[in-house]
Structure formats: C-alpha cells, structure tokens
Amino acid sequence: DAGVTQSPTHLIKTRGQHVTLRCSPISGHKSVSWYQQVLGQGPQFIFQYYEKEERGRGNFPDRFSARQFPNYSSELNVNALLLGDSALYLCASSLVPDASGNTIYFGEGSWLTVV
Amino acid sequence: GENVEQHPSTLSVQEGDSAVIKCTYSDSASNYFPWYKQELGKRPQLIIDIRSNVGEKKDQRIAVTLNKTAKHFSLHITETQPEDSAVYFCAASKGGGGNKLTFGTGTQLKVEL
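Summary of the structure given here. (Residues numbered from 1 in each chain as written. Chains lettered and ligands numbered in written order. Predicted model: local features only at pLDDT ≥ 70, side-chain atom pairs only at ≥ 80, totals over all residues. Heavy atoms only, no water.)

### Considering the interface of chain A and chain B
Part 1 of the argument: Chain A puts 26 residues into the contact, and the matching count from chain B is 24 residues.
Part 2 of the argument: Surface buried jointly by chain A and chain B totals about 1,800 Å² across both partners, of which 52% is contributed by carbon and sulfur atoms.
Part 3 of the argument: Between chain A and chain B we count one salt bridge in total.
Part 4 of the argument: The closest approach of N and O atoms between R43 of chain B and E108 of chain A, which form a salt bridge, is 3.2 Å.
Part 5 of the argument: On inspection of chain A and its partner chain B, the count reaches five residue pairs in polar contact (both at pLDDT 80 or more).
Part 6 of the argument: Residue assignment for the side of chain A that touches chain B shows that the elements contributing at least two residues are strand 4 (31-37), strand 5 (44-50) and strand 9 (87-94) of chain A.
Part 7 of the argument: Considering every element that reaches the side of chain A that touches chain B, the biggest residue donor is strand 4 of chain A, with four residues.
Part 8 of the argument: Looking at the side of chain A that touches chain B residue by residue, the classes come out as 11 nonpolar, 13 polar and two charged. (Contact = heavy atoms within 4.5 Å. Buried area = accessible area lost by both parts, 1.4 Å probe. Salt bridge = Lys/Arg side-chain N within 4 Å of Asp/Glu carboxyl O. Polar contact = N/O pair within 3.5 Å; in protein donor to acceptor, adjacent residues only side chain to side chain. Helix = DSSP H or I, 4+ residues; strand = E, 2+ residues; numbered from the N terminus. Nonpolar A, V, L, I, M, F, W, Y, C, P; charged D, E, K, R; others polar.)

Below, the structure written as structure tokens:
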C-alpha cells in the first residue's frame with residue numbers, strides 16, 4: 001500500500017532562493033501537515049491543511065507558505081532561503097484533522113540543504 | 001502553548017534489559033500522546049499511542065503509561081534487542097488542536113550486545 005509520498009527526497013539550494021516541496025497523502029486521507037526537523041531535534045509543526053483550508057500554523061515566518069489541492073496533495077513553499085532552513089521537511093497525513101481522533105503517518109521527508 | 005520535555009536524552013542498555021523513557025507535558029488539555037521511533041535518515045514511525053481515557057496500553061514488548069494528574073507519560077520497552085536502537089520521540093496533542101503534535105527533544109537509545 002502507498003504511504004505518504006514526498007518529493008524531492010534531497011535537494012540543495014543557495015541562500016535567497018525559493019523551494020517547493022511536494023506531498024501526497026495516504027489514499028483517503030484528507031488532512032496534511034508539514035513539520036520541520038532540524039538535525040538533532042524533534043519535528044516542529046509548520047502547517048496543517050484539511051479540505052484545502054489552513055487549519056493551523058506554527059511559529060514560522062511568512063517566508064513559509066503552503067497549499068492543498070483538490071486531490072488532497074500539498075505543497076510547502078519557502079522563499080528567501082536562509083542557512084537555518086536546512087532541515088528534513090516531513091509531511092504527515094491523517095484521515096481527519098484532529099490528532100486525538102486518529103493516527104498521523106509521516107512520509108520519508110525531503111532533505112533540504114541551503115548553502 | 002504546549003511544551004513537552006523528554007528524559008533521558010541518551011540511554012544505553014544491555015540486550016534483554018528494559019528501557020524506560022519519560023515525558024512531561026504542560027497543557028492539561030492535551031489528550032493524545034504518540035511515541036515515534038526514528039532510525040538514522042528515516043522518517044518517524046509510530047510505535048504506540050495512548051489517549052487520555054486510558055492509563056496504560058501494551059503492544060508486545062512496548063507499553064505506554066499515562067498519568068494525567070501528574071501530566072507525564074512513559075514508554076517502556078522490555079527485552080530490548082539491537083534493532084530497538086534508534087531515536088525515540090514522545091509527542092502530545094490536544095483535541096481541537098488539529099494535527100499539531102508537539103514533540104519532545106528525543107532519546108537516543110542504544111542497545112548493546
């Protein structure tokens with residue numbers, strides 16, 4: 001069965017550039033969340049989308065944006081990249097939007113290196 | 001907002017011994033507490049979770065306990081094996097909080113032969 005899929009798996013960008021990361025949730029899942037995991041730390045919540053609407057936003061600057069498409073896939077965009085944006089970006093999907101009611105599954109992530 | 005603290009940061013045990021990892025949370029409204037295992041370069045994988053209407057849950061060699069009064073929960077791994085070596089993260093979420101999981105800082109578990 002297909003889990004959460006993310007692309008690209010690895011990428012290198014230069015400071016100031018823009019990046020787009022993509023995620024396809026598990027079939028039937030309508031909620032997608034994005035997390036940033038800096039090396040040696042736990043994942044930090046960035047966004048949640050459900051039925052194409054933003055349902056939550058973490059403490060990240062406006063350089064970070066996301067959207068969800070009618071097929072429930074999602075994109076995370078980061079503008080004006082900084083060295084500190086280097087991290088593993090994880091996409092998570094779930095059937096419904098509330099964590100207390102269902103299980104959250106993570107994709108393999110996109111490793112972003114900013115040089 | 002929610003704050004989750006996790007201890008210890010590193011844990012080394014002999015194969016066959018038990019391992020215990022503890023987490024505390026700050027928001028009394030939190031009601032969902034998953035544990036994830038993350039191997040080097042891999043995604044976090046859910047290994048067990050517990051909801052606030054349950055005090056303990058067990059799945060083979062893994063168990064989680066929850067004390068809502070004290071706002072702490074623990075992961076117990078019995079009969080540890082080398083393949084249990086990984087980083088373990090606890091997390092917390094509250095009803096109506098969407099899918100926002102607040103993670104602990106992780107525990108590097110090493111199971112030695």
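### A word on the environment of R67 of chain A
Residue and element names in this part refer to chain A.
Part 1 of the argument: Tracing the backbone shows R67 in strand 7 (residues 64-68).
Part 2 of the argument: Overall, the relative accessible area of 44% leaves R67 in the partly exposed class.
Part 3 of the argument: When the C-alpha positions of R67 and L81 are compared, they lie 19 Å apart, and in sequence the two are 14 residues distant.
Part 4 of the argument: Those residues in contact with R67, other than ones at most four positions away along the chain, are Y49, S73, S74 and E75. (Buried < 20%, exposed > 50% of the residue type's maximum accessible area, 1.4 Å probe, protein only.)

### Concerning the packing of aromatic side chains
Two descriptors summarise a pair of aromatic rings, namely the distance from one centre to the other and the angle between the planes of the rings.
Part 1 of the argument: Scanning the entire structure with this criterion turns up 13 aromatic pairs over all chains.
Part 2 of the argument: Summarising the aromatic geometry, the rings of F106 of chain A and Y36 of chain B are spaced 5.2 Å apart at their centres and angled 80 degrees between planes, so their arrangement reads as edge-to-face. Here the residue F106 of chain A occupies a position in strand 10 (residues 105-106), and Y36 of chain B occupies one in strand 4 (residues 30-38), the pair thus bridging two chains.
Part 3 of the argument: Here the aromatic rings of Y25 of chain B and F33 of chain B are separated by 4.7 Å at their centres, their planes lie at 40 degrees, and the arrangement is tilted. Each member of the pair, Y25 of chain B as well as F33 of chain B, carries the same accessibility label: buried. (Phe/Tyr/Trp six-rings, centres within 6.5 Å; stacked < 30°, edge-to-face > 60°.)

### So, the sheet that holds strand 8 (residues 72-77) of chain B
Residue and element names in this part refer to chain B.
Part 1 of the argument: The strand order across the open sheet built from five strands is 1-3-8-7-6, with neighbouring strands paired in antiparallel fashion. Here the strands that pair on one side only, and so sit at the sheet edges, are strand 1 (4-7) and strand 6 (56-59). Sheet twist, expressed as the average angle between the axes of neighbouring strands with direction ignored, equals 15 degrees.
Part 2 of the argument: Here strand 7 (residues 62-67) pairs with strand 8 via six bridges, running antiparallel. Its bridge partner being in strand 8, L66 is matched across the sheet by F73. (Pairing = 2+ DSSP bridges. Axes fitted to C-alpha atoms, helices over the stretch in contact; angles between N-to-C directions.)

### Section: the state of the cysteines
Part 1 of the argument: Applying the stated criterion across every chain yields a total of two disulfides over all chains.
Part 2 of the argument: A sulfur-sulfur distance of 1.8 Å marks the disulfide that ties C23 of chain A to C91 of chain A. Taking the torsion about the sulfur-sulfur bond, which here is approximately -65 degrees, the covalent link between C23 of chain A and C91 of chain A counts as left-handed. Of this pair, C23 of chain A sits in strand 3 (residues 19-24) while C91 of chain A is found in strand 9, placing the two residues 68 residues apart along the sequence.
Part 3 of the argument: Residue class for C23 of chain A comes out buried when judged on its relative accessible area of 2%.
Part 4 of the argument: The disulfide partner of C23 of chain B is C90 of chain B, and the S-S distance across this bridge is 1.9 Å. Its S-S torsion of about -100 degrees marks the bond between C23 of chain B and C90 of chain B as left-handed, since a negative value means left-handed. (Disulfide = S-S within 2.5 Å.)

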